[in-house]
Amino acid sequence: MARHIIGMFDSGVGGLTVMKRVLAAIPEARVVYFGDTARVPYGNRSKEELIRLGEEIITFLIGQGAEAIVMACNTSSALSLPTLQERFTIPIIGTIDQGAGLAVQLTREGRIGLIATEGTVRSKAYSLAISQALSRGILPENERLRRSWQQGEQPVSLVRAQACPLFVPIVEAGLANSGEARVIAKFYLAPLLEAKVDSVILGCTHYPFLSAVLREILGEDVRLVDPAEAMVQELQKVLLALDSAALKQRESKGEDSGGRRKDWRVRYYVSGNPELFAQVGNTLLDEPITGVHQHDWCEQ
Ligand code: DGL
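### Re the site of the ligand
Near the ligand you find 14 residues, and of these Ser 11, Tyr 42, Asn 74, Thr 75 and His 206 are the closest. A distance of 2.6 Å is found between an oxygen atom of the ligand and a side-chain nitrogen or oxygen belonging to Ser 11. A distance of 2.6 Å separates an oxygen atom of the ligand from a polar atom in the side chain of Thr 75. Relative to its unbound accessible surface of 300 Å², the ligand loses 99% to contact with the protein. Among the cavities detected, the one that contains the ligand is the largest cavity. Classifying every residue of the shell around the ligand gives six nonpolar, seven polar and one charged.

Have a look at this one:
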């Protein structure tokens, strides 16, 4: 695969959980990451606001050379993805369809739970996407559930969705592994345990950073479903399609593969404080975060 530039964004450090998976699976990829830290959280913003912010950020990322966009934010994906996909010609991958499809495949009892921001929960995007995934032919790996779907039953559903508004500020403050995180997680997860979910969609990209705490409370039998796992596969398909389109164009122009471009792996931009982003990001990622640039919309 060629060394494509992927533009990725989130309200803050949450999208780093997606970036981590992308770079592990596609080592040749280059990422321009935008964390909208001056305007975090996105969880309670309206659809109109998220469309406006997404449009600004995607335009900026395209200006930085992005050939495909990963919307590494569930709230934006739930509320603004279809509109932004219509406004831009560049491919844009979101979290919802990918996460819902993965949850359908992995559920063992058909009892899926969701934790997410207020906006994502209110949108009902995940429950709709779960029904659509089944209709598109994505079926559970579990044989019993598969058979009952084939017999015309509805064996899989989102049985409980829980908004967790305090999780994002906790992660942004670098407190993902703290006692405070544990107390709050216990409170948020109680209704899911009561609903006897067999799997929980991590419906906000900040939440995988809380995996250890969530696992402690949910126990080993409940599956944590990270949509990023499926987003990576979708991104691979998009990049392969870009490869073959670019190859055709180069062949018709008689050009070479352009493999001599200057080397870099990740470029970080934030709208808020770059030092704070680097400091928190460094506690969350294995690789150190350096050279975070501030992009101030007011300066344009
Ligand atoms: N990480 C984002 C999401 O996946 C945004 C969370 C927020 O800023 O409230 O929804």
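### Section: the packing of helix H2 (residues 47-63) against helix H3 (residues 74-87)
The description of two helices packed together rests on the angle between their axes and the distance between the axes. Relative orientation of the contacting elements H2 and H3 amounts to 60°, with a least axis distance of 9 Å. In terms of axis orientation, H2 runs oblique to H3. Read as a crossing pair, H2 and H3 show a hand that is right-handed. When H2 is examined against H3, the residues Lys 47, Leu 50, Ile 51, Gly 54, Glu 55 and Ile 58 are found in contact with a partner set consisting of Thr 75, Ser 76, Leu 79, Ser 80, Thr 83, Leu 84 and Arg 87. Of the residues assigned to the contact of H2 with H3, the class counts are five nonpolar, five polar and three charged.

### Details of empty space enclosed by the protein
Scanning the entire structure with this criterion turns up two cavities of 30 Å³ or more. Lining the largest cavity are 13 residues, with Ser 11, Cys 73, Thr 75, Thr 117 and Cys 204 positioned closest to its centre. Its residues assigned to classes, the lining of the largest cavity shows five nonpolar, seven polar and one charged. By volume, the second largest cavity is sized at about 40 Å³. Residues belonging to the lining of the second largest cavity are distributed by class as follows: seven nonpolar, two polar and one charged.

### What to know about the environment of Asp 243
Inspection of the secondary structure puts Asp 243 in helix H11 (residues 228-253). For Asp 243, a relative accessible area of 17% corresponds to the buried category. Between the alpha carbons of Asp 243 and Ala 133 there is a distance of 27 Å; along the sequence they are 110 residues apart. Dropping the residues within four chain positions of it, Asp 243 is found in contact with Met 1, Ala 2 and His 4. At 2.5 Å, the side chain of Asp 243 forms a polar contact with the side chain of His 4.

### Brief notes about the sheet that holds strand E5 (residues 111-116)
Across the sheet, which stays open at both edges, the four strands sit in the order E6-E5-E7-E8 with parallel pairing between neighbours. In the strand order of this sheet, the two ends are held by strand E6 (157-163) and strand E8 (223-225), each with one partner. Going from strand to strand, the sheet's axes swing by 25° on average, the running direction of each strand aside. Bridge analysis of E5 against strand E7 (residues 199-203) gives five bridges, and the strand direction is parallel.

### Describing the sheet that holds strand E4 (residues 92-93)
Whenever strands of a sheet pair, they do so through backbone hydrogen bonds, lying parallel or antiparallel. Strands sit in the order E4-E3-E1-E2-E9-E10 across an open sheet of six strands; the sheet is parallel. Two strands bound the open sheet, and with one partner strand each, they are E4 and strand E10 (292-294). Direction of pairing for strand E1 (residues 5-10) relative to strand E2 (residues 30-35): parallel, over a ladder of six bridges. In the sheet register, Ile 6 faces E2, and the bridge partner there is Val 31. Together, E1, E2, strand E3 (68-71), E4 and strand E9 (266-270) form the strand contacts of H2, whose direction differs from that of E1 by roughly 155°.

### A short note on the pairing of E1
Across the six residues that make up E1, a large majority, six, are buried. Here E1 shows a buried face lined by Ile 5, Gly 7 and Phe 9 and a second buried face lined by Ile 6, Met 8 and Asp 10. In this region the chain leaves E1, passes through helix H1 (residues 16-25) and returns to the parallel neighbour E2; the handedness of that crossover is right-handed. Where E1 and E3 come together, four bridges link them in parallel fashion. By the bridge assignment for E3, Ile 6 is matched with Ala 68.

### A look at the pattern of salt bridges
Summed over all chains, the structure comprises eleven salt bridges. Between Arg 21 and Asp 226 there is a salt bridge, with its nearest N and O atoms 3.2 Å apart. Residue Arg 21 is found in helix H1, and its partner Asp 226 is found in the loop between E8 and H11; the two are separated by 205 residues along the sequence. Judged by its relative accessible area of 32%, Arg 21 is partly exposed. Between Glu 56 and Arg 39 there is a salt bridge; the shortest N-O distance is 3.0 Å. With Glu 56 in helix H2 and Arg 39 in the loop between E2 and H2, this pair connects stretches of sequence that are 17 residues apart. You can call Arg 39 buried: its relative accessible area is 15%. One network of salt bridges, in which partners are shared, links Asp 36, Arg 39, Arg 52 and Glu 56.

Parameters at a glance
- Residues numbered from 1 in each chain as written.
- Predicted model: local features only at pLDDT ≥ 70, side-chain atom pairs only at ≥ 80, totals over all residues.
- Heavy atoms only, no water.
- Near = heavy atom within 4 Å.
- Polar contact = N/O pair within 3.5 Å; in protein donor to acceptor, adjacent residues only side chain to side chain.
- Areas by Shrake-Rupley, 256 points an atom, 1.4 Å probe, with all protein chains shown as cover.
- 1 Å grid on protein atoms, 1.4 Å probe; cavity = no way out; pocket = protein on both sides within 12 Å on 5 of 7 lines; lining within 4 Å.
- Sits in = over half its atoms within 2 Å of the grid points.
- Nonpolar A, V, L, I, M, F, W, Y, C, P; charged D, E, K, R; others polar.
- Axes fitted to C-alpha atoms, helices over the stretch in contact; angles between N-to-C directions.
- Helix = DSSP H or I, 4+ residues; strand = E, 2+ residues; numbered from the N terminus.
- Parallel < 35°, antiparallel > 145°, perpendicular 65-115°, else oblique.
- Left-handed = near helix turned anticlockwise from the far one by under 90°.
- Contact = heavy atoms within 4.5 Å.
- Points joined across faces, edges and corners; volume = space filled by probe spheres on them.
- Buried < 20%, exposed > 50% of the residue type's maximum accessible area, 1.4 Å probe, protein only.
- Pairing = 2+ DSSP bridges.
- Right-handed = clockwise from strand over helix to strand, strands pointing away.
- Salt bridge = Lys/Arg side-chain N within 4 Å of Asp/Glu carboxyl O.

These figures come from the coordinates and say nothing about function on their own.
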